[in-house]
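Secondary and tertiary structure notes
The primary structure of each chain is shown beneath.
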Amino acid sequence: MMKVGKIIGTALLGFFFMLFIALDLVLFGVVALASVVVTLLPLIGLVLGGAVGAMVNNNQQPAA
Amino acid sequence: MMAIRWPLTGLFFGLLVVGGASPAGAEFEENTNGCFGGGTFQEGQFSIDADSVGDRVVTIPRSDTVAWQGSVTAPPGMYYGSIKVELPPPWGSVTIDSWKGDSQSASNTGTEEYDLPTLLPGGVEFKVTGEHVDQNGRCSGYVKLKVEGKPFSSPITWVSLFGTVATGAGIAFVARPLFRRVG
């Protein structure tokens, strides 16, 4: 249970991290407000964050 | 959003008041009722019109007075229209102004003063779309707008940068076991 919670938590963290990156890109005029990049980046963050959470969990598994 | 309403209305549909149609300063996507329009930014000292702006990004002053004009080829009769700001997909757009009515006037001019709030950051590219439908046809178009100024003129930029650093630090903290040295 703890494992799933950590993966979800890291996925959410990744989502918000990339959401803020997207917002920064918009605010600095790199991409337009209506750009699909603004939609894709948070989703990529969600997936990558979940992957990082899973890798950390695997890394912390006690040796059998 | 109210502060941005009038200048955009003036830019896009100069005949809003009398009910003709005229996207001004916009790239036409459709124009079957022969609408035409334009606007002059008095302090910015530049003019834009529907036929020449094309796909380029128009940078507008944070505050100014716009003298606009517009026309259609024939009396519009019953009409309706709207102006929207495009959002990232899949959120669509936000309507910032709409109108409808009945008119026989085929042209109009006017002057609108605007002052955009400091919360609106400078340099952000907005795609603003508009359409006007009357008994003679439909015209629709868009304009890409940027508000003059620097990103740091708005507190939103500082909040966003803080959010980036805070969530980035969180990711780094969670992921630190992955970067431990082996052996």
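Residues numbered from 1 in each chain as written. Chains lettered and ligands numbered in written order. Predicted model: local features only at pLDDT ≥ 70, side-chain atom pairs only at ≥ 80, totals over all residues. Heavy atoms only, no water.

**With respect to the overall build of chain B**
Per the secondary structure count, chain B includes 2 helices and 10 strands. In chain B, the succession of α and β elements from N to C terminus is α-β-β-β-β-β-β-β-β-β-β-α. Split into buried and exposed, the 183 residues of chain B put 49% on the buried side. Within chain B, contacts between residues at least 6 apart in sequence are counted, and of these 69% link residues at least 24 apart. Surface accessibility of chain B: about 8,900 Å² in total, with carbon and sulfur atoms responsible for 57%. (Helix = DSSP H or I, 4+ residues; strand = E, 2+ residues; numbered from the N terminus. Buried < 20%, exposed > 50% of the residue type's maximum accessible area, 1.4 Å probe, protein only. Contact = heavy atoms within 4.5 Å. Areas by Shrake-Rupley, 256 points an atom, 1.4 Å probe, with all protein chains shown as cover.)

**Observations regarding the nonpolar core**
Across soluble globular proteins, nonpolar side chains have a tendency to be buried as a group. Val58, Ile60, Phe126 and Val128 of chain B are the most contacted members of the largest nonpolar core, which has 28 residues in total. Sorting the residues of this core by element identifies helix H1 (2–27) and helix H2 (37–59) of chain A together with strand S4 (57–60), strand S6 (77–86), strand S7 (93–103), strand S9 (125–134) and strand S10 (137–147) of chain B as the ones contributing at least two each. Ranked by residue count, the leading element in this core is H1 of chain A, at 4 residues. Apart from the residues within four sequence positions on either side, Ile60 of chain B is in contact with Phe41, Phe46, Tyr114, Leu116, Leu145, Lys146, Val147 and Glu148 of chain B. (Core = buried A, V, L, I, M, F, W, Y, C linked by side-chain atoms within 4.5 Å.)

**Topic: the interface of chain A and chain B**
Counting residues at the interface gives 25 residues for chain A, matched by 31 residues for chain B. On the chain A side of the interface with chain B, the three residues burying the most area are Leu27, Phe28 and Leu33 of chain A, jointly 27% of the side's total. In this assembly, chain A and chain B are joined by 0 salt bridges. Applying the counting rule to chain A against chain B returns 5 residue pairs in polar contact (both at pLDDT 80 or more). Sorting the residues of the side of chain A that touches chain B by element identifies H1 and H2 of chain A as the ones contributing at least two each. Looking at which element gives the most residues to the side of chain A that touches chain B, the answer is H1 of chain A, with 11 residues. Residues belonging to the side of chain A that touches chain B are distributed by class as follows: 17 nonpolar, 7 polar and 1 charged. (Buried area = accessible area lost by both parts, 1.4 Å probe. Salt bridge = Lys/Arg side-chain N within 4 Å of Asp/Glu carboxyl O. Polar contact = N/O pair within 3.5 Å; in protein donor to acceptor, adjacent residues only side chain to side chain. Nonpolar A, V, L, I, M, F, W, Y, C, P; charged D, E, K, R; others polar.)

**A closer look at helix H2 (residues 155–175) of chain B**
Residue and element names in this part refer to chain B. Given a rise of 1.5 Å per residue, 21 residues ought to cover 30 Å, and the 30 Å separating the end C-alpha atoms of H2 matches this to within 8%. For H2, the set of buried residues is Thr157, Ser160, Gly163, Thr164, Thr167, Gly168, Gly170, Ile171, Val174 and Ala175. Along the axis of H2, the buried residues cluster in a sector spanning 155°; they form a single face. Looking at H2, the residues exposed on the side facing more than 90 degrees away from the buried face are Trp158, Val159, Phe162, Val165 and Phe173. The distance from a side-chain oxygen at the start of H2 to the backbone nitrogen of Ile156 is 3.1 Å, and the residue carrying that oxygen is Ser154. (Expected span 1.5 Å × (residues − 1). Arc of directions from axis to C-beta.)

**What to know about the sheet that holds strand S3 (residues 46–49) of chain B**
All names here are of chain B. Strands sit in the order S3-S2-S5-S8 across an open sheet of 4 strands; the sheet is antiparallel. Both outer strands of the open sheet, S3 and strand S8 (107–115), are each paired with one neighbouring strand and no more. Strand-to-strand twist of the sheet, defined as the mean angle between neighbouring strand axes without regard to direction, takes the value 15°. The pairing of strand S2 (residues 36–41) with S3 spans 4 bridges and is classified as antiparallel. From the neighbouring strand, Thr40 faces S3, where its bridge partner is Ser47. (Pairing = 2+ DSSP bridges. Axes fitted to C-alpha atoms, helices over the stretch in contact; angles between N-to-C directions.)

**Notes on the environment of Asp102 of chain B**
Residues and elements named next belong to chain B. Secondary-structure assignment places Asp102 in strand S7. The exposure class assigned to Asp102 is exposed, which follows from its relative accessible area of 53%. Spatially, the C-alpha atoms of Asp102 and Gly37 are 20 Å apart, while their sequence positions differ by 65 residues. In contact with Asp102, other than residues within four places in its own chain, are Gly77, Met78 and Tyr79.

**Side note on unusual backbone geometry**
Residues and elements named next belong to chain B. The step from Pro89 to Pro90 runs through a cis peptide bond, and the omega angle for that step is 10°. Here Pro90 shows up in the loop between S6 and S7. We note that Gln45 has phi near 55°; this positive angle belongs to a residue other than glycine. Locating Gln45 in the fold gives a position in the loop between S2 and S3.

**Examining the confidence of the model for chain B**
All names here are of chain B. When pLDDT is averaged across chain B, the result is 80; 83% of the residues are at 70 or more. Mean pLDDT across the secondary structure elements of chain B bottoms out at helix H1 (residues 2–12), with 46, and peaks at H2, with 95. The low-confidence segment residues 1–8 (pLDDT under 50) makes 19 contacts with residues lying over four places distant or belonging to another chain. Interface confidence in the predicted complex, given as ipTM, is 0.88; pTM for the same model is 0.77. (pLDDT = per-residue confidence, 0-100.)

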